[in-house]
Amino acid sequence: MKIYAYLADGFETVEALGVIDILRRAKLDVVTVSVGTSKSVMTSHNIEVKADIMFDESDYTDGDMIFLPGGGNGTKNLLAHEGLKKVILDYYDRDKYIAAICAAPSILGHYGLLKGKKATCFPGFESELIGADYRGDGVVVDGKIITARGMGKTIDLGLKLLEILDGNETAVRIGNAIQYLV
């Protein structure tokens with residue numbers, strides 16, 4: 001399984017790195033992608049993170065899932081990236097997994113991908129989930145779209161993605177190993 005995690009300046013630190021950490025603990029192939037001008041990406045709390053690759057270094061057709069972390073400015077920067085928009089729409093059209101947390105589900109709403117789908121987001125972004133059946137749950141799965149409310153639901157999202165991509169046994173094993181399910 002290959003997951004591409006897109007990072008833009010202003011992304012929410014824990015949402016991105018927590019999910020990536022959980023997926024990598026299960027030995028899934030997670031590639032972090034900078035959509036900015038450098039592999040160094042600054043989080044919303046001024047922590048510099050080095051992405052694995054720059055956006056222009058792949059065509060992303062070999063992935064099984066894309067992951068969009070939130071953060072107000074990070075979400076705005078992801079939404080403004082035309083190349084990423086094409087990747088998101090391609091994944092949707094090819095019925096591949098798309099996961100987003102916090103403010104990032106609003107990107108999917110702006111692209112019209114949530115019409116008739118259950119979704120959640122950080123409180124205050126509900127109106128940007130255009131056409132969605134908004135749910136206040138921590139993590140919502142509707143087909144190949146997985147959304148989560150925010151930083152406090154990071155581990156829940158990471159484990160749900162593990163369950164989807166590698167089975168419940170893996171999710172439980174990692175959940176226990178990080179002392180979350182025990």
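Each chain has its residues counted from 1, following the order in which its sequence is written. Totals for whole chains, interfaces and linings use all residues, but because this is a predicted model, local features are given only for residues with pLDDT of at least 70 and pairs of side-chain atoms are given and counted only at 80 or more. The basis for every side-chain value is the complete set of non-hydrogen atoms in the structure, without hydrogens or water.

K.L.:
Just to check I follow, could you spell out the pattern of salt bridges for this structure?
P.N.:
Oppositely charged side chains may form a pair once their charged atoms are brought near each other. Salt bridges are defined by distance alone: a side-chain nitrogen of Lys or Arg within 4 Å of a carboxyl oxygen of Asp or Glu. Evaluation of the coordinates by the stated rule reveals eight salt bridges. Notably, a salt bridge pairs Lys 2 with Asp 62, separated by 3.0 Å at the nearest N-O pair. Taken as a pair, Lys 2 in strand S1 (residues 2-7) and Asp 62 in the loop between strand S5 (53-54) and strand S6 (65-68) lie far apart in primary sequence, 60 residues in all. Buried residues are those whose accessible area, probed at 1.4 Å on protein chains only, stays under 20% of the maximum for their type, while exposed residues exceed 50% and partly exposed ones sit between those limits. Overall, the relative accessible area of 41% leaves Asp 62 in the partly exposed class. Here Lys 144 ties to Asp 95 by a salt bridge, and the two come within 3.8 Å at their closest N and O atoms. We count a stretch as a helix when DSSP gives it H or I for four or more residues in a row; a strand needs E for two or more, and each element gets its number in order from the N terminus.

K.L.:
Honestly, helix H5 (residues 154-166) in this entry has me stumped. Any pointers?
P.N.:
Side chains three or four residues apart in an α-helix point the same way, a direct result of the helix having 3.6 residues per turn. Given a rise of 1.5 Å per residue, 13 residues ought to cover 18 Å, and the 18 Å separating the end C-alpha atoms of H5 matches this to within 8%. Where H5 is concerned, the buried positions are Thr 154, Leu 157, Gly 158, Leu 159, Leu 161, Leu 162 and Leu 165. Gly 167 sits one or two positions beyond H5 and adopts a positive phi of about 100 degrees. A helix's residues, less one, multiplied by 1.5 Å, set its expected span.

K.L.:
Explanation requested: the packing of aromatic side chains in the structure shown.
P.N.:
Where two aromatic rings form a pair, the distance of their centres and the angle of their planes describe that pair. Stacked, tilted and edge-to-face are the three classes applied to pairs of Phe, Tyr and Trp rings, where Trp contributes its six-membered ring and a pair requires centres within 6.5 Å; stacked means planes under 30 degrees apart, edge-to-face means over 60, and tilted covers the rest. Enumeration over the complete set of coordinates arrives at four aromatic pairs. Consider the rings of Tyr 4 and Tyr 60, whose centres lie 4.7 Å apart with planes at 90 degrees: the pair is edge-to-face. With Tyr 4 in strand S1 and Tyr 60 in the loop between S5 and S6, the pair connects residues that are 56 residues apart, well separated along the chain. The burial state of Tyr 4 is the same as that of Tyr 60; both residues are buried. For the ring pair Phe 55 and Tyr 60, a centre distance of 5.1 Å and an interplane angle of 35 degrees mean the geometry is tilted. Chaining the aromatic ring pairs together yields one cluster made of Tyr 4, Tyr 6, Phe 55 and Tyr 60. Any Lys NZ or Arg CZ found within 6 Å of a ring centre and within 35 degrees of that ring's normal is scored as a charge over the ring. Lying over the aromatic face of Tyr 97, Lys 144 brings its terminal NZ or CZ to 4.8 Å of the ring centre.

K.L.:
Just to check I follow, could you spell out the UniProt feature "domain: DJ-1/PfpI" (unreviewed entry) in the chain for this structure?
P.N.:
Under the feature "domain: DJ-1/PfpI" (unreviewed entry), the UniProt entry names residues 1-163. The straight-line gap between the two end C-alpha atoms of residues 1-163 is 12 Å; of that span, 30% is helix and 25% is strand. UniProt positions are given in the numbering used here, feature names are shortened, and annotations may be inferred rather than shown by experiment.

K.L.:
Explanation requested: the pairing of strand S2 (residues 29-34) in the structure shown.
P.N.:
Regular strands have side chains that alternate between both faces of the sheet. Summarising burial for S2: five of the six residues are buried, a large majority. Inspection of the sheet shows S1 paired to S2 by six bridges, in the parallel sense. By the bridge assignment, Tyr 6 is partnered in S2 with Val 33. Handedness of the crossover joining S1 and S2 through helix H1 (residues 13-25) is recorded here as right-handed. When DSSP finds two or more bridges between a pair of strands, those strands are recorded as paired. Crossovers are described as right-handed under a simple rule: with the strands pointing away from the observer, the path leading from the first strand over the helix to the second runs clockwise.

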